[in-house]
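# Analysis of the macromolecular model
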Amino acid sequence: MVEFKLLAHDLGRMLQALSLMMAATVVVALIWREFYAVPALIISGLIPLAIGSSLTSYFGGTVEVGKLHGMMIAASGWFLVAVFGSLPFYLVAWTIHLDPALLNAPDLTGRAASTVGAFRDPLNAFFESMSGFTGTGLTMTDDESSLPRSLQWWRSFIEWIGGVGVIVLTTAILARPGSGSLTLYESEAREEKIHPSIISTVRTIWWIFLLFTFLSITLLWLAGMPAWDAINHGMTGLSTGGFSITDNSIATYDSPLIDFALFPVMILGGIAFPVHYLILQGQLRNFYTDLQTRWFFGFLAVGSAAVTWLLNRQDTYESTFAAFRYGAFQFVSALSCTGFQTAGSLGPKWPTEAQLAIAFAMSIGAAAGSTVGGIKLIRVATFTKGTLYRIQGVFVPDTVVRRFRLDGRKLDDAEAAREIEEAAIISFLWVVFLSVSTLVLLLVLPIEPGEFTLENVIFEVTSAQGNVGLSSGITGPDMPTPAKVIFLFNMWIGRLEIIPVLVLLRGLFQKFNVYE
Amino acid sequence: MNPEQIPFVRFAARFGVEDRVLAAFMLAGPLVVSSLALLGRSAVTSVLAGAYVGLFVLYVAYRGVATDGE
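Here the structure is a predicted model, which means the values were calculated and not measured. (Residues numbered from 1 in each chain as written. Chains lettered and ligands numbered in written order. Predicted model: local features only at pLDDT ≥ 70, side-chain atom pairs only at ≥ 80, totals over all residues. Heavy atoms only, no water.)

### Details of the overall build of chain B
- In terms of helices and strands, chain B carries 3 helices and 0 strands.
- At 14 Å, chain B has a C-alpha radius of gyration far larger than the 11 Å of a compact globule built from 70 residues.
- With the C-alpha coordinates of chain B rotated into their principal frame, the extents come out at 45 × 30 × 15 Å.
- When burial is assessed residue by residue, chain B has 34% of its 70 residues classed as buried.
- Within chain B, contacts between residues separated by at least 24 positions form 41% of all contacts whose residues are at least 6 apart in sequence.
- Just so you have it, chain B exposes about 4300 Å², and 68% of that area is on carbon and sulfur atoms.
- With 5 positive and 5 negative side-chain charges, chain B shows a spacing of 12 Å between the two charge centroids. (Helix = DSSP H or I, 4+ residues; strand = E, 2+ residues; numbered from the N terminus. Rg over C-alpha atoms; globule rule 2.2 N^0.38 Å. Buried < 20%, exposed > 50% of the residue type's maximum accessible area, 1.4 Å probe, protein only. Contact = heavy atoms within 4.5 Å. Areas by Shrake-Rupley, 256 points an atom, 1.4 Å probe, with all protein chains shown as cover. Lys, Arg positive; Asp, Glu negative; His and termini not counted. Charge placed at Lys NZ, Arg CZ, Asp CG, Glu CD.)

### Regarding the nonpolar core
- Counting residues in hydrophobic clusters, the biggest one holds 171 residues, and the most contacted among them are W206 and L262 of chain A.
- Residues A368, A381, Y389 and I420 of chain A belong to the second largest nonpolar core, which totals 10 residues. (Core = buried A, V, L, I, M, F, W, Y, C linked by side-chain atoms within 4.5 Å.)

### Considerations on the side chain of T462 of chain A
- Along the polypeptide, T462 of chain A turns up in helix α21 (residues 454-465).
- With residues near it in sequence (within four places) discarded, T462 of chain A still touches A359, M362, S363, W430 and L434 of chain A.

### A few points about the interface of chain B and chain A
- Every contact between the two is made by 32 residues of chain B and, on the other side, 28 residues of chain A.
- Summing both partners gives a buried area of about 2600 Å² for chain B against chain A, and 75% of it is carried by carbon and sulfur.
- If you sort the residues of chain B by the area they bury against chain A, F15, V17 and R41 of chain B come out on top, with a joint share of 21%.
- Linking chain B with chain A are 0 salt bridges.
- Taken together, the connections running from chain B to chain A amount to 7 residue pairs in polar contact (both at pLDDT 80 or more).
- No other element matches the 13 residues that helix α3 (residues 43-68) of chain B contributes to the side of chain B that touches chain A.
- Among the residues making up the side of chain B that touches chain A, the classes are represented as 20 nonpolar, 8 polar and 4 charged. (Buried area = accessible area lost by both parts, 1.4 Å probe. Salt bridge = Lys/Arg side-chain N within 4 Å of Asp/Glu carboxyl O. Polar contact = N/O pair within 3.5 Å; in protein donor to acceptor, adjacent residues only side chain to side chain. Nonpolar A, V, L, I, M, F, W, Y, C, P; charged D, E, K, R; others polar.)

### Looking at the environment of V440 of chain A
Residues and elements named next belong to chain A.
- Note on placement: V440 falls in helix α20 (residues 413-444).
- Since its relative accessible area comes to 24%, V440 is described here as partly exposed.
- Between the C-alpha atoms of V440 and V457, which are 17 residues apart in sequence, the distance is 10.0 Å.

### Observations concerning the packing of helix α16 (residues 320-335) of chain A against helix α18 (residues 352-364) of chain A
Residue and element names in this part refer to chain A.
- At a minimum axis distance of 7 Å, the contact between α16 and α18 shows a crossing angle of 25°. Put simply, α16 runs roughly parallel to α18. Contacts from Q330, F331, A334 and L335 of α16 reach α18 at A357, I358, A361, M362 and I364.
- The residue inventory of the contact of α16 with α18, partitioned by class, reads 8 nonpolar, 1 polar and no charged. (Axes fitted to C-alpha atoms, helices over the stretch in contact; angles between N-to-C directions. Parallel < 35°, antiparallel > 145°, perpendicular 65-115°, else oblique.)

Without other data, these values stay purely geometric and don't point to any function.
Now the structure itself:
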């Protein structure tokens, strides 16, 4: 039986953590002297703080939560955080529009006005927030460079936090007594622990993430980015979110050096934190002994070469180097689920097979336990090896005792079946929701010559559900409302690996007697 | 005053990979990024940024060789 009051306390803590994020953003607004944004940001922080504090105090101390409630907390918590995380976009946009006395809001015109003005629609603000927290990177903005600095920061900050996880943040700063933290941690699409204690684990994750953030920012600055750009792109690149503060993502810089400097940043984001921990301890052999990391580099090498070849074959670019530069960047961006673009919208220019190769990479994603979305490499490996294991089993007598080898583990038949089943269920659900969403988009979008094609739609849905953010040009503020809603759903389920959201929906349907 | 009374110093020292040099890289991170943002691009800041990234890579490689060779 679902007890919704068991969710309230933890949801309140997540909202309190969100309000702390808003407080940090007020500081950014003050530094950039965007005083007109400060009241909107303070109100945006006070609302979740008030609701969160009410929930935590009214519903008493923490309780031990099982798998059911852990999943429901994760799913509903991410939804609520995205809802309240939309307030800065919404309130700052209205502040600029209404231009209240004494606040001295800027008088925006042209694309700047339409970019900020899009957030006066609460659905657009919610879309941006969900895209940010889930690390997707699809955006409702037209010209990111014209956004106020405080909103540029908020977009980067929510991707940075969302890359590691809202529950991981909450657990790190508001330590939760009891064993429920582990259940919540696992409900947020994480499994491996670095230390026996979950609180030590999440704090070590943040430690590694912070160190890599400083390094990423410094590397991008060295490659030629201005400091503010390096800070934002370092954060969104490492968290594999992909929001940019420029009008045309990384293509704006038109710099091979910056393109290549982003490779290690995105790749770091695609490697699991426990592997980072071991590598920083000096165990470099984990680059090839860890199954996911090995497969990640293998996919990167083969995929980048394949896309380069496909682009070169059709003379999409003027030279082989240019084909490699753009092809490899887009492939690394897709496989790491980052979503930075250097090739503009791929729709009109890239050949179909190259777009589908990128879509394939987006659906797979990189390592579980990192910051990426997608199905994850461990499941692809389990599925592939499991299929071979089943086929090879036909050639072996029944009396032979066999072991399924996976990532250094030897599993018996029952354990192997469980692993393969888990990978199969997630992959199956992934394809089902991908198909349904594609169908809905085909119904609501103009699919005709000169407009969008089927491969554009598959590309965009895969990008949303894989939390990637590469776009074939479909996503934008003028997109039909049903398309925005379906993308919101795709981003939400993609970040939590689908099942927690289905568990929450089933719980809600039961609660409100939808089945009767 | 004990430096660990500062929350960030305590965080850098206690949670990580149990290595003083890497903890120093963590502590230096905010200072390096602040320097780049406040002082702008110059020979000094370029050397600082290059040293921060370069020394980190060299140290991790050195630590890997030393550890994997054990």
